[in-house]
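Architecture and fold: a report
Residues per chain are reported as follows:
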Amino acid sequence: MSPASQLAGAHYPVAVIGGGQAGLSVSYALRQRGVEHVVIEANRVGHEWRERRWDSFCLVTPNWQCRLPGFPYQGDDPDGFMVRDEIVRYLEDYVAFFRPPLVEGVSVTRLHRAPEGTYELATTAGDFTADQVVVAIGPYHTPSIPAMAQRLPDGVAQVHSSGYRSAEQLPEGAVLVVGTGQSGCQIAEDLHLAGRQVHLAVGSAPRVARFYRGRDCVAWLDDMGHYGKSIDEFDDAGAVRMRVNHYVTGRDGGRDIDLRSFARDGMRLYGRLTDIGGERLEFADDLKVNLDHADAVADGIKDAIDAHIAGRGIDAPEEARYVPVWEPAEQPRKLDLAEAGITSVVWSTGFRRDHRWIEIPVFDGRGYPMHWRGATNVPGLYFLGLPWQYSWGSGRFEAVGRDAEFLADHIDASRRLADVCGALTGAPGELASALPIG
């Protein structure tokens, strides 16, 4: 009998939904505490990395930051950046390392809580129940493409960044990339290096230097405690959680992504895309503002590193500051697709959350789950792997394990309390005396 066929009618103390790095991390932590559970993965381990990343994709954080519980990076290039297939293999090796109770190829289609407090999960392999549930599917569910994309001519190929693989998949001709978060910038570079004429709609995402004063900036920031800073230390926690990531790349050993140098070398830059009218596209006049803002953020990070070095008397080489290599002579506001020879558009415009299958009132007006360190106000329901769930690395290999350990402690304490009281009842505040604070 297959693991999936054993789900129907079963009951588990804990159900973990999602078998990515978050789900596997909490599975390991639960196993360490002797908590029986099951992990449900809609596809197979590594699916997001395997199927929704381009061919040249690599991590933007060094390998030494890969710290899954009990299984930190063990390769011979800690300062390097794993490429897509190596990331998939890292997760597969993690599964082989501790053999979680994993069921692959099964989707959870409905989650709700019965009046007595038990969670009922409908899946493509049958229904089952659980005392506690960890939703570990991250925030990147449905590709987000603006409605105006429908007004592009039928002959223009369109692909979301999650479906982009390489320049070869696109028809011959110039390419418009919309969005300059990490994916947009790296895809624009990938196309540029492949010899394509790239047109890039530049947004407000910030950038960071790859190296500064003899070290990777990530190493400096790690020493400075940046990655351990909790969301509770910010006055604008809601805004922090919605910030886009700084763009940089680990490609070819790591380097800056400098949109100005792309422009100097022939890439065409525009401001934000604001409208599409058939062949005619319109852009905001914010190109210079966006480029200057990205540079200012990068300089601000360098300022913080300089202060850290000076304050601790660290012997580090001096380094001249970045000088812009290109300035826009004008702010192009319009673009004719046919005149520019553009035959395809890559939408690097992010994702939308889709929690419609969760029929439990734990979401705010934006659809974001309300929680503290992953614990919601509904007893026994947790989230894991969200960006800035508690710290910068919460949704990443760097700190998802710390969050998983924290939740596993709560889950174990709740289970033991339920064994004493007979039911898992009461809000988290009522359980506070029984739960570890750590």
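Anything mentioned here points back to the structure above.
Our subject in this report is the structure included herewith. (Residues numbered from 1 in each chain as written. Predicted model: local features only at pLDDT ≥ 70, side-chain atom pairs only at ≥ 80, totals over all residues. Heavy atoms only, no water.)

When helices and strands are counted, the protein shows 11 helices and 21 strands. What you see for the protein is a C-alpha radius of gyration of 23 Å, in line with the 22 Å of a compact globule of 438 residues. Structurally, the protein occupies a C-alpha span of about 70 × 60 × 40 Å along its principal axes. The buried share of the protein, taken over its 438 residues, is 53%. (Helix = DSSP H or I, 4+ residues; strand = E, 2+ residues; numbered from the N terminus. Rg over C-alpha atoms; globule rule 2.2 N^0.38 Å. Buried < 20%, exposed > 50% of the residue type's maximum accessible area, 1.4 Å probe, protein only.)

Right, let's get into helix α3 (residues 84-98). Note that an α-helix has 3.6 residues per turn; residues three or four places apart therefore point the same way. Spanning 15 residues, α3 covers 22 Å between terminal C-alpha atoms, matching the ideal 21 Å at 1.5 Å per step. Taken residue by residue, α3 has Arg84, Ile87, Val88, Tyr90, Leu91, Tyr94, Val95 and Phe98 as its buried positions. Buried positions in α3, seen along its axis, are confined to an arc of 155° and lie on one side of it. Of the surrounding secondary structure, the elements contacted by the buried residues of α3 are α1 (21-32), α2 (47-51), β3 (67-68), β4 (71-72) and β5 (102-104). Arginine 99 sits one or two residues past α3 and shows a positive phi near 50°. (Expected span 1.5 Å × (residues − 1). Arc of directions from axis to C-beta. Contact = heavy atoms within 4.5 Å.)

Turning to the nonpolar core, a few remarks are in order. Membership of the largest hydrophobic core comes to 65 residues, with the highest contact counts inside it found for Val134, Leu191, Leu259, Leu269, Leu384 and Phe397. Ranked by residue count, the leading element in this core is α3, at 7 residues. The contacts of valine 134, once residues within four sequence positions are left out, are Val14, Ala15, Val16, Ile17, Val26, Tyr382, Leu384 and Ile411. Grouped together as the second largest cluster of nonpolar side chains are 26 residues, Ile17, Tyr119, Phe128 and Tyr368 included. (Core = buried A, V, L, I, M, F, W, Y, C linked by side-chain atoms within 4.5 Å.)

The next subject is the sheet that holds strand β15 (residues 268-270). Within the open sheet, the 5 strands sit side by side as β10-β19-β11-β12-β15. Their pairing is parallel. For this open sheet the edge positions go to β10 (157-160) and β15, each flanked by a neighbour on one side alone. For this sheet the average axis-to-axis angle between neighbouring strands, irrespective of direction, equals 20°. (Pairing = 2+ DSSP bridges. Axes fitted to C-alpha atoms, helices over the stretch in contact; angles between N-to-C directions.)

This part is about the environment of tryptophan 388. Tracing the sequence through the fold places tryptophan 388 in the loop between β21 (381-383) and α10 (400-421). Judged by its relative accessible area of 11%, tryptophan 388 is buried. As for tryptophan 388 and glutamate 41, which are separated by 347 residues in sequence, their C-alpha atoms are 23 Å apart. Filtering out sequence-adjacent residues up to four positions away, tryptophan 388 remains in contact with Lys229, Ser230, Ile231, Phe234, Val240, Arg241 and Ser394.

Let us look at the pairing of strand β12 (residues 198-201). One face of the sheet, then the other: side chains in a regular strand alternate in exactly this way. Neither face of β12 is exposed, since Val198 and Leu200 on one face and His199 and Ala201 on the opposite face are all buried. Here strand β11 (residues 174-178) pairs with β12 via 4 bridges, running parallel. Each residue of the ladder has a partner; that of valine 177, found in β12, is leucine 200. In this view, the connection linking β11 to its parallel neighbour β12 by way of helix α4 (residues 182-193) has right-handed handedness. Note that β12 and β15 share 3 bridges and pair parallel. (Right-handed = clockwise from strand over helix to strand, strands pointing away.)

The next thing to look at is unusual backbone geometry. Phi at aspartate 252 is positive, roughly 55°, even though this residue is not glycine. In this model, tryptophan 388 sits at a positive phi of 55°, which is unusual for a non-glycine residue.

Once that is clear, we can look at the sheet that holds strand β16 (residues 273-277). Think of a sheet as strands paired side by side through backbone hydrogen bonds, with each pair either parallel or antiparallel. Spatially, the 3 strands line up as an open sheet ordered β16-β17-β18, and their pairing is antiparallel. Strands with a single pairing partner mark the edges of an open sheet, and in this sheet they are β16 and β18 (334-336). This sheet shows a mean twist of 20° between the axes of neighbouring strands, independent of strand direction.

Using a probe with the size of a water molecule, rolled over the atoms, empty space left in the structure can be pinpointed. The calculated volume of the second largest pocket comes to roughly 250 Å³. Of all the secondary structure elements, the ones that give two or more residues to the lining of the second largest pocket are β4 and α3. Looking at the lining of the second largest pocket, the element that brings in the most residues is α3, giving 4 residues. (1 Å grid on protein atoms, 1.4 Å probe; cavity = no way out; pocket = protein on both sides within 12 Å on 5 of 7 lines; lining within 4 Å. Points joined across faces, edges and corners; volume = space filled by probe spheres on them.)

In this structure the tally under the stated criterion is 0 disulfides. Cysteine 66 forms no disulfide, and the closest cysteine sulfur to it belongs to cysteine 58, at a distance of 12 Å. For cysteine 66, a relative accessible area of 1% corresponds to the buried category. Summary of cysteine pairing: cysteine 217 is not part of a disulfide, and the nearest cysteine sulfur, belonging to cysteine 185, is at 16 Å. Judged by relative accessible area, cysteine 217 falls into the buried class, the value being 1%. (Disulfide = S-S within 2.5 Å.)

Scanning the entire structure with this criterion turns up 19 aromatic pairs. With a centroid separation of 4.9 Å and 55° between ring planes, the pair formed by tyrosine 94 and phenylalanine 98 is classed as tilted. Here phenylalanine 98 and tyrosine 94 lie together in helix α3, a separation of 4 residues that amounts to about one turn. The burial state of tyrosine 94 is the same as that of phenylalanine 98; both residues are buried. Considering the side-chain rings of phenylalanine 363 and phenylalanine 383, the 6.1 Å spacing of their centres and the 75° angle between planes classify their relative orientation as edge-to-face. With a gap of 20 residues between them, phenylalanine 363 in the loop between β20 (351-352) and β21 and phenylalanine 383 in strand β21 connect regions that are remote in the sequence. Members of the aromatic cluster, connected to one another through ring pairs, are Tyr28, Trp49, Trp54, Phe57, Phe71, Tyr90, Tyr94, Phe97, Phe98 and Phe397. (Phe/Tyr/Trp six-rings, centres within 6.5 Å; stacked < 30°, edge-to-face > 60°.)

Interpretation note: all reported values are geometric properties and have no functional meaning in isolation.
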